[in-house]
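Spelled out, the chains give:
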There are 4 protein chains.
Amino acid sequence: MQKRRSVAAIITGLLLTCSNATGAMPPVSKPRARDLGVPFRGTPGPENAITDVAGVEVGHVTLISGAGKLVVGRGPVRTGVTALLPRGKESADQVFAGWYSLNGNGEMTGTTWVDESGFLEGPIMITNTHSVGVVRDAVIAWRVKHGRPEGSGYWWSLPLVAETWDGFLNDVNGFHIKPEHVFEAIDGARAGPVREGNFGGGTGMICYEFKGGIGTASRRLPAQLYHYTVGVLVQCNCGRRSQLQIAGVPVGIEIPDHPAYGDTGSIIIAVATDAPLLPHQLKRIARRASLGLARTGSVSGNGSGDMFVAFSTANPRAALPSGISHLEMLSNDDMNPLFEATVEATEEAIVNALVAAETMTGADDHKAIALPHDRLRAVLKKYNRLSR
Amino acid sequence: MQKRRSVAAIITGLLLTCSNATGAMPPVSKPRARDLGVPFRGTPGPENAITDVAGVEVGHVTLISGAGKLVVGRGPVRTGVTALLPRGKESADQVFAGWYSLNGNGEMTGTTWVDESGFLEGPIMITNTHSVGVVRDAVIAWRVKHGRPEGSGYWWSLPLVAETWDGFLNDVNGFHIKPEHVFEAIDGARAGPVREGNFGGGTGMICYEFKGGIGTASRRLPAQLYHYTVGVLVQCNCGRRSQLQIAGVPVGIEIPDHPAYGDTGSIIIAVATDAPLLPHQLKRIARRASLGLARTGSVSGNGSGDMFVAFSTANPRAALPSGISHLEMLSNDDMNPLFEATVEATEEAIVNALVAAETMTGADDHKAIALPHDRLRAVLKKYNRLSR
Amino acid sequence: MQKRRSVAAIITGLLLTCSNATGAMPPVSKPRARDLGVPFRGTPGPENAITDVAGVEVGHVTLISGAGKLVVGRGPVRTGVTALLPRGKESADQVFAGWYSLNGNGEMTGTTWVDESGFLEGPIMITNTHSVGVVRDAVIAWRVKHGRPEGSGYWWSLPLVAETWDGFLNDVNGFHIKPEHVFEAIDGARAGPVREGNFGGGTGMICYEFKGGIGTASRRLPAQLYHYTVGVLVQCNCGRRSQLQIAGVPVGIEIPDHPAYGDTGSIIIAVATDAPLLPHQLKRIARRASLGLARTGSVSGNGSGDMFVAFSTANPRAALPSGISHLEMLSNDDMNPLFEATVEATEEAIVNALVAAETMTGADDHKAIALPHDRLRAVLKKYNRLSR
Amino acid sequence: MQKRRSVAAIITGLLLTCSNATGAMPPVSKPRARDLGVPFRGTPGPENAITDVAGVEVGHVTLISGAGKLVVGRGPVRTGVTALLPRGKESADQVFAGWYSLNGNGEMTGTTWVDESGFLEGPIMITNTHSVGVVRDAVIAWRVKHGRPEGSGYWWSLPLVAETWDGFLNDVNGFHIKPEHVFEAIDGARAGPVREGNFGGGTGMICYEFKGGIGTASRRLPAQLYHYTVGVLVQCNCGRRSQLQIAGVPVGIEIPDHPAYGDTGSIIIAVATDAPLLPHQLKRIARRASLGLARTGSVSGNGSGDMFVAFSTANPRAALPSGISHLEMLSNDDMNPLFEATVEATEEAIVNALVAAETMTGADDHKAIALPHDRLRAVLKKYNRLSR
């Protein structure tokens with residue numbers, strides 16, 4: 001762990017970024033929540049990641065530099081940006097989407113057009129609270145630069161950018177995210193494994209007063225539900241220690257040590273599926289992310305920006321410039337397995353974020369400790385919930 | 001006019017209802033707003049009525065009896081119920097729908113399921129404020145009686161019933177609407193011409209302090225928009241006299257005589273179309289009804305229950321008990337003509353209600369005068385807006 | 001019908017558990033969830049009931065008659081109606097309120113006016129799905145009968161009535177709830193202990209495929225939060241057995257026996273507080289009920305009408321007919337303890353409903369078994385979660 | 001980029017109409033809609049501007065440079081940013097607010113927190129579509145720079161920034177708005193007269209295919225409504241020519257010449273009042289802006305971002321960091337005059353924008369002509385609607 005950090009420091013000393021390649025490939029040896037014996041229901045996809053939904057790509061840019069006393073504009077820097085591309089970066093085809101705000105102490109731009117049109121037109125970007133603006137305009141600039149999908153200036157003019165606050169560890173008022181980081185996150189997005197923990201937008205995040213960040217998980221439905229996949233990605237920055245439950249076990253009460261700070265943070269949750277759901281059905285899916293979050297103990301505190309977005313990669317070419325498109329829609333009565341998958345994958349993605357995140361020291365030497373894996377196992381065992 | 005009233009009194013003395021046949025057929029001679037020279041934009045369908053949307057049926061039951069002093073439970077009765085069947089009474093196939101509340105001082109049951117499912121499962125019923133409950137349960141009873149669409153008790157368990165308040169003319173606390181009136185309104189629903197003014201749910205209504213009630217209008221789109229039809233039906237009970245505008249002309253200020261009463265009433269607006277719109281697009285249509293209402297001068301007062309519902313008869317068999325249905329969706333970019341049609345037909349339906357309604361005397365000898373046709377023409381002429 | 005009505009009257013006189021006295025007083029010996037050793041956080045009020053919020057009254061009317069084969073209109077009857085009066089039946093003073101629909105497959109009338117005005121004007125009524133209408137109109141009739149608060153016919157014209165479906169045990173298509181039952185539930189409402197389980201609207205309900213029904217709980221906040229109380233009442237009819245979690249323990253998987261039926265039901269949750277919250281803050285409270293429900297395992301299935309309402313008894317005389325009222329508002333930043341209290345009390349109220357409900361046999365000899373107390377304790381013990 | 005930036009700085013120094021002083025003071029001679037004889041109802045405040053609401057300040061920064069062929073990043077530039085400060089720039093006290101999206105094809109950041117908290121924490125900024133991000137982050141930077149209201153980094157982290165699209169006249173993809181323009185707009189905000197037409201965010205806007213931009217108006221209520229003021233400011237960029245109605249007269253049909261371009265644009269409407277309204281009441285006010293817009297003919301086209309925000313300057317110190325604040329609330333039943341004032345002032349502000357805007361030639365020599373004052377008067381006269 002120590003070694004990786006110093007390597008990261010070297011990289012960030014040079015470029016201030018982790019490459020997107022490293023953003024996409026987790027080290028083989030790093031355990032995830034299931035590996036530690038946390039019991040979950042349901043069957044995950046091959047990567048147990050949002051990228052199990054075909055076409056979805058994720059890219060991180062991670063900025064880590066400096067240490068010690070905070071000087072606004074100089075650091076320390078512990079932040080980043082994550083790009084989630086519903087159909088990959090080569091496609092400009094829109095996806096049906098829906099969103100939901102459980103507690104709106106946060107920003108998610110672009111949502112009124114999602115509500116109105118039913119479509120998400122570009123990537124989902126996640127960053128820190130004070131960089132939403134630069135990321136938003138840079139998404140437009142990326143599109144202008146690539147001259148697509150057409151020259152009207154219309155599409156992608158209302159980007160979806162979400163945030164959680166990393167000012168405990170990061171010089172958030174220093175505005176360290178720049179347009180080039182946004183371009184890099186989009187250009188570097190990949191299918192396959194997704195880096196979890198201190199990467200991308202999740203770099204400086206705190207979750208239940210442990211180190212938090214990015215987490216992901218997925219569920220694959222059985223044949224009678226067409227093998228649909230549901231994938232979840234979270235940027236987890238919420239909750240107080242005493243609230244934390246894992247697999248129903250009061251882990252936060254059992255491991256009260258070194259709480260990071262006393263606010264209630266935020267969480268952004270993105271849900272992807274290949275099931276053919278219409279916009280109003282995707283809003284239902286987004287709302288279920290609340291229930292997965294609740295299982296980890298959060299009460300969605302006043303200071304928390306708990307905002308969720310769901311999209312479906314089914315129905316390609318639904319968004320036509322004119323005329324009639326032909327669609328498929330799954331019956332409402334068949335949605336229960338998708339609801340369960342969403343709740344389960346959300347819960348697991350949050351725990352994965354906690355398991356993957358590593359202890360970090362940042363601004364003013366503030367420190368957020370990682371959830372200790374051995375103690376987690378001991379607590380699960382105490383409550384007879386260790387699965388392996 | 002006097003004569004018809006006395007006939008109505010005889011009929012209601014016997015049965016307390018107008019037959020649905022009469023509910024469906026307006027007398028040939030009765031002029032509508034266009035006939036009086038009110039200018040409107042757009043091209044109406046053959047009936048200039050919501051029934052121009054194929055499949056839509058309307059049925060009224062009208063209760064008129066008694067006169068003089070109000071005795072709660074004994075009358076005078078000036079009320080009714082209107083049934084609007086999206087696919088006619090023989091079909092149990094659901095329609096996509098969306099709704100909107102401009103000012104929620106009213107009741108429209110069943111809307112949370114419309115929002116959640118995207119479907120409207122049964123008829124739209126409109127009645128007086130204090131009879132919403134009996135009508136709602138009776139819609140379920142009607143379905144139970146007919147044993148359809150299947151025996152589960154599930155469908156049509158959440159009927160959509162809306163209301164406006166007729167207590168100025170009617171013994172609203174007497175609860176005169178009974179389940180059999182509901183059955184009769186549904187069973188008697190018909191395609192073709194729709195009776196306007198003092199019929200059905202509109203019987204005792206006041207509109208801009210003139211006599212109000214039911215009004216309808218439609219628009220037919222040109223070939224490049226597939227000849228789609230938009231039809232509107234209103235139960236108009238809103239507005240103060242001084243606010244009334246017709247074709248942009250301040251008619252209410254010009255005809256200040258005999259205002260009925262000083263509250264701001266309510267209006268229910270139903271919009272039907274055969275354009276293939278999804279639920280979130282129908283919510284957009286419903287919201288446009290506000291703009292048509294605004295053109296007649298209303299500011300949607302605090303006391304007004306201004307609630308609108310829109311549905312599409314396209315996409316038959318969209319609601320499957322399980323599996324995947326195949327749908328069509330009109331491009332968002334093609335919706336503007338539908339928005340215009342909705343605004344225009346809403347405006348015209350309200351004016352049609354005013355033109356059709358006849359002077360009525362009701363509870364405690366309260367009186368609401370009809371909009372005088374000759375004076376309307378004179379005012380339009382004064383402002384150079386008379387079309388014929 | 002006349003005959004059936006008189007038979008019903010006789011049955012009511014002989015057999016029905018209708019008395020409000022019994023509705024209000026639970027037997028001393030009946031254990032609640034805490035008594036069985038289920039661990040909960042937080043400190044309940046003296047009754048651990050919604051009536052711990054001063055002024056709140058609850059009344060049940062319970063209809064139980066007949067047995068064996070279902071004959072529509074004749075029974076068996078296993079239903080009822082529950083009245084929840086925010087300021088008691090003697091007051092016509094309105095309360096600030098907010099509501100939320102987690103999954104809108106249900107009915108809660110009156111909510112558009114709650115949204116629009118910020119006020120709840122009368123009682124909260126809970127009954128079965130097919131009796132919402134009769135209960136709604138009867139609430140108006142009750143008010144007309146009592147001639148208050150004034151003669152305008154305006155207030156209480158938009159009653160709030162919610163429902164869950166009891167057709168597994170009850171002749172729901174028989175429409176057995178009559179206006180007199182509604183009057184009785186309101187007139188009989190009382191402060192103090194609240195009957196849980198098979199009472200009032202909860203009579204025929206199923207919860208996680210055990211017998212469900214009414215449950216309640218409360219939380220009292222510490223002095224630095226002014227000793228505010230949060231009380232919750234649920235009519236619980238939701239969830240599948242395998243989903244049930246109690247105190248984080250997978251109770252449903254451990255006790256799979258005799259599941260009642262495979263649908264996903266509904267739950268109505270009412271939250272009361274004496275904290276001075278504005279309407280938009282109460283909507284936040286209502287939304288937290290989702291998180292308490294989630295802790296018991298529900299994913300809020302497609303068939304579930306999961307609708308929640310929250311009100312505050314603070315700010316008496318906020319609703320003036322004109323002019324300016326003087327209010328108090330708790331800081332948003334102080335709401336977290338109220339959020340926690342809501343989540344905790346919701347969770348406990350649901351478990352209380354399960355613990356209190358008793359095995360019932362109803363229509364067509366359908367049977368719903370009570371959650372076996374001894375096995376619940378054994379399961380909690382297995383997972384080291386038994387508190388006593 | 002470095003070069004371009006310095007060129008921009010030079011241009012700004014030489015040519016740009018940036019001074020806030022000019023932003024605040026309209027030339028004496030410029031007529032407004034009333035001066036031309038357009039009839040409106042109601043009594044305006046002394047400036048007939050949003051600044052008639054005490055405390056409200058407005059600042060514009062206007063960027064106009066270059067001509068001829070569009071080169072992305074080089075111009076021509078026809079854009080700007082407008083700052084609307086509810087309590088002036090010296091106060092960090094929050095205001096109650098509510099918002100509404102009539103057609104969400106636009107961006108208004110910060111709205112989820114307005115919905116959730118009931119408060120608007122900082123200024124309302126209006127700019128072009130592709131500069132929302134830079135403006136948003138710059139609002140945070142302005143606050144950081146001024147070190148207030150306290151050091152937590154929390155307040156003003158979720159700025160409200162809205163936009164309409166000026167790409168017909170402006171190099172919108174050139175991202176010409178810089179943080180310093182935002183600082184200047186805020187720092188230069190003033191009470192008193194407000195520049196209308198081609199200023200601030202309104203610089204490059206098109207309205208009903210005439211030149212559009214900023215417009216404002218106000219209404220003062222009579223003594224029995226406590227002399228409350230309602231002020232409206234619009235950034236008007238919406239509508240097609242044929243739709244335009246002024247005072248109910250079909251002006252757009254009468255003056256069809258030189259339509260600017262065929263899309264349906266957007267409109268941002270801000271409503272200020274000193275009436276003591278709670279957040280849910282302000283949402284009602286925001287919704288009424290739709291009705292004022294409708295009176296000018298718009299049907300709120302698919303491409304239009306029609307988003308409205310309302311705030312109240314009453315209830316100072318409502319937002320406490322903890323504890324209980326003491327508030328006033330106007331009765332719902334007294335809101336009708338405020339609804340009328342909102343509708344009327346919105347209508348007048350839009351017409352004022354049209355009257356004040358001047359013919360502009362911009363990118364690729366695109367041209368938008370001003371509404372010709374003489375022809376407007378002639379059309380009003382034709383329809384007997386000229387007031388002077």
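Structure shown above.
Residues numbered from 1 in each chain as written. Chains lettered and ligands numbered in written order. Predicted model: local features only at pLDDT ≥ 70, side-chain atom pairs only at ≥ 80, totals over all residues. Heavy atoms only, no water.

A. Representation of the relation of the copies chain C and chain B in the model. When chain C is brought onto chain B, the operation consists of a screw motion whose angular component is 180° and whose axial shift is 0.0 Å, with 0.0 Å RMSD remaining. Seen this way, the second copy is the image of the first under a two-fold rotation axis. Closest approach to the rotation axis among the C-alpha atoms of chain C is made by Gly133(C), whose C-alpha sits 1.7 Å away. When the interface residues of chain C are mapped onto chain B, 100% of them again fall at the interface, so both copies present the same face. (Least-squares fit on C-alpha atoms with pLDDT ≥ 70 in both. Contact = heavy atoms within 4.5 Å.)

B. Local environment of the state of the cysteines. Residue and element names in this part refer to chain B. Throughout the structure, instances matching the rule amount to 4 disulfides over all chains. Each sulfur of the disulfide joining Cys-207 and Cys-236 lies 2.3 Å from the other. On the S-S bond that ties Cys-207 to Cys-236, the torsion sits near 50°, and the link is right-handed. Of this pair, Cys-207 sits in strand E7 (residues 206–207) while Cys-236 sits in strand E10 (residues 229–238), and the two are 29 residues apart along the sequence. With relative accessibility at 0%, the residue Cys-207 sits in the buried group. Overall, Cys-236 belongs to the buried group, its relative accessible area being 0%. (Disulfide = S-S within 2.5 Å. Helix = DSSP H or I, 4+ residues; strand = E, 2+ residues; numbered from the N terminus. Buried < 20%, exposed > 50% of the residue type's maximum accessible area, 1.4 Å probe, protein only.)

C. Representation of the interface of chain C and chain B. At the junction of the two partners, chain C supplies 37 residues and chain B supplies 37 residues. Of the roughly 2700 Å² buried between chain C and chain B, counting both surfaces, carbon and sulfur atoms make up 54%. Applying the counting criterion to the chain C and chain B interface returns 0 salt bridges. On the surface where chain C and chain B come into contact, there are 16 residue pairs in polar contact (both at pLDDT 80 or more). The set of elements that each furnish at least two residues to the side of chain C that touches chain B consists of strand E3 (95–104), helix H3 (111–117) and helix H4 (132–146) of chain C. Split into classes, the residues belonging to the side of chain C that touches chain B amount to 15 nonpolar, 17 polar and 5 charged. (Buried area = accessible area lost by both parts, 1.4 Å probe. Salt bridge = Lys/Arg side-chain N within 4 Å of Asp/Glu carboxyl O. Polar contact = N/O pair within 3.5 Å; in protein donor to acceptor, adjacent residues only side chain to side chain. Nonpolar A, V, L, I, M, F, W, Y, C, P; charged D, E, K, R; others polar.)

D. Quick peek at the interface of chain B and chain A. In this complex, chain B contributes 32 residues to the contact, which on the side of chain A involves 32 residues. Here chain B and chain A share an interface that buries about 2400 Å² over both sides, 49% of which is from carbon and sulfur atoms. The largest contributions to the chain B side of the interface with chain A come from Glu116(B), Ile324(B) and Met329(B), which together make up 25% of the buried area. At the boundary of chain B with chain A, the tally comes to 4 salt bridges. With its nearest N and O atoms 2.7 Å apart, the salt bridge here joins Arg284(B) to Glu116(A). There are 18 residue pairs in polar contact (both at pLDDT 80 or more) connecting chain B and chain A. Contributions of two or more residues to the side of chain B that touches chain A are made by helix H3 (111–117), helix H7 (279–295) and strand E13 (324–330) of chain B. No other element matches E13(B), which puts 7 residues into the side of chain B that touches chain A. Tallied by class, the residues present in the side of chain B that touches chain A amount to 15 nonpolar, 9 polar and 8 charged. Sheet topology note: the strand E13 (residues 324–330) of chain A/E13(B) ladder contains 7 bridges and is antiparallel. Residue Met329(A) lies in a different strand from E13(B), and its bridge partner there is Ser325(B). (Pairing = 2+ DSSP bridges.)

E. Quick peek at the sheet that holds strand E5 (residues 124–128) of chain C. All names here are of chain C. Read across the open sheet, the 4 strands follow the order E1-E2-E5-E6; overall the sheet is mixed. Bordering the open sheet on either side are strand E1 (57–65) and strand E6 (160–164), each of which pairs with just one other strand. Across the sheet, the mean angle separating the axes of adjacent strands is 15° when strand polarity is ignored. Strands E1, strand E2 (77–85) and E5 of the sheet are contacted by helix H5 (residues 179–187), whose axis makes an angle of about 45° with E2. (Axes fitted to C-alpha atoms, helices over the stretch in contact; angles between N-to-C directions.)

F. A look at the pairing of strand E11 (residues 265–273) of chain A. Residues and elements named next belong to chain A. E11 sits mainly inside the fold: 9 of its 9 residues count as buried. Alternating residues of E11 divide into Gly-265, Ile-267, Ile-269, Val-271 and Thr-273 and Ser-266, Ile-268, Ala-270 and Ala-272, and every residue in both groups is buried. Inspection of the sheet shows strand E10 (residues 229–238) paired to E11 by 9 bridges, in the antiparallel sense. From the neighbouring strand, Gly-231 faces E11, where its bridge partner is Ala-272. Across 7 bridges, the pairing between E11 and strand E12 (residues 305–312) is parallel. Along E12, the bridge assignment pairs Ala-272 with Phe-311. Of the crossover connections in this fold, the one passing from E11 over helix H7 (residues 279–295) to the parallel E12 is right-handed. (Right-handed = clockwise from strand over helix to strand, strands pointing away.)

G. Structural view of the environment of Val71(B). Within the secondary structure layout, Val71(B) lies in the loop between strand E1 (57–65) and strand E2 (77–85). Look at Val71(B) and you get partly exposed, because its relative accessible area is 41%.

H. Seen up close, the sheet that holds strand E4 (residues 119–120) of chain B. All names here are of chain B. Spatially, the 6 strands line up as an open sheet ordered E4-E3-E12-E11-E10-E9, and their pairing is mixed. Two strands lie at the open edges of the sheet, namely E4 and strand E9 (213–220), each paired on one side alone. Helix H8 (residues 336–356) contacts E9, E10 and strand E11 (265–273) of the sheet and is inclined by roughly 145° relative to E9.

I. Structural context of unusual backbone geometry. Cis geometry marks the peptide bond from Gly75(B) to Pro76(B), where omega comes out at 0°. Following the sequence through the fold, Pro76(B) ends up in the loop between E1 and E2. Of note in this structure, Glu209(B) is not a glycine but carries a positive phi near 65°. Relative to the elements of secondary structure, Glu209(B) occurs in the loop between E7 and strand E8 (210–211). For Ser300(D), which is not glycine, the phi torsion reads 55° and is therefore positive. The class of Ser300(D) is buried, set by a relative accessible area of 0%.

J. Quick look at the packing of H7(A) against helix H8 (residues 336–356) of chain A. All names here are of chain A. Remark: H7 packs on H8, axes separated minimally by 8 Å, with the N-to-C direction vectors making an angle of 45°. If you check the angle between H7 and H8, you find them oblique. By crossing handedness, the relation of H7 to H8 is classed as right-handed. In this structure, H7 contributes Arg-284, Ile-285, Arg-288, Ala-289, Leu-291, Gly-292, Leu-293 and Arg-295 to the contact, and H8 contributes Leu-338, Phe-339, Thr-342, Val-343, Glu-344, Thr-346, Glu-347 and Ile-350. Of the residues belonging to the contact of H7 with H8, the class tally is 8 nonpolar, 3 polar and 5 charged. (Parallel < 35°, antiparallel > 145°, perpendicular 65-115°, else oblique. Left-handed = near helix turned anticlockwise from the far one by under 90°.)

K. Representation of the relation of the copies chain B and chain A. Between the two copies, chain B and chain A, the superposition gives an RMSD of 0.0 Å; the rotation angle is 180° and the shift along the axis is 0.0 Å. When you check the interface residues of chain B against chain A, 100% turn up at the interface there too, and the contact is symmetric in its surfaces.

L. Here's a closer look at the packing of aromatic side chains. Inspection of every chain in the model, using the stated rule, returns 14 aromatic pairs over all chains. When the centroid spacing of 4.8 Å and the interplanar angle of 15° are considered together, the rings of Phe96(A) and Phe119(A) count as stacked. Of the two residues, Phe96(A) sits in strand E3 (residues 95–104) while Phe119(A) sits in strand E4 (residues 119–120), which places them 23 residues apart along the sequence. Side by side, Phe96(A) and Phe119(A) carry an identical accessibility label, which is buried. Taking 6.2 Å as the distance between ring centres and 45° as the angle between the ring planes, the aromatic pair formed by Tyr100(D) and Phe308(D) counts as tilted. (Phe/Tyr/Trp six-rings, centres within 6.5 Å; stacked < 30°, edge-to-face > 60°.)

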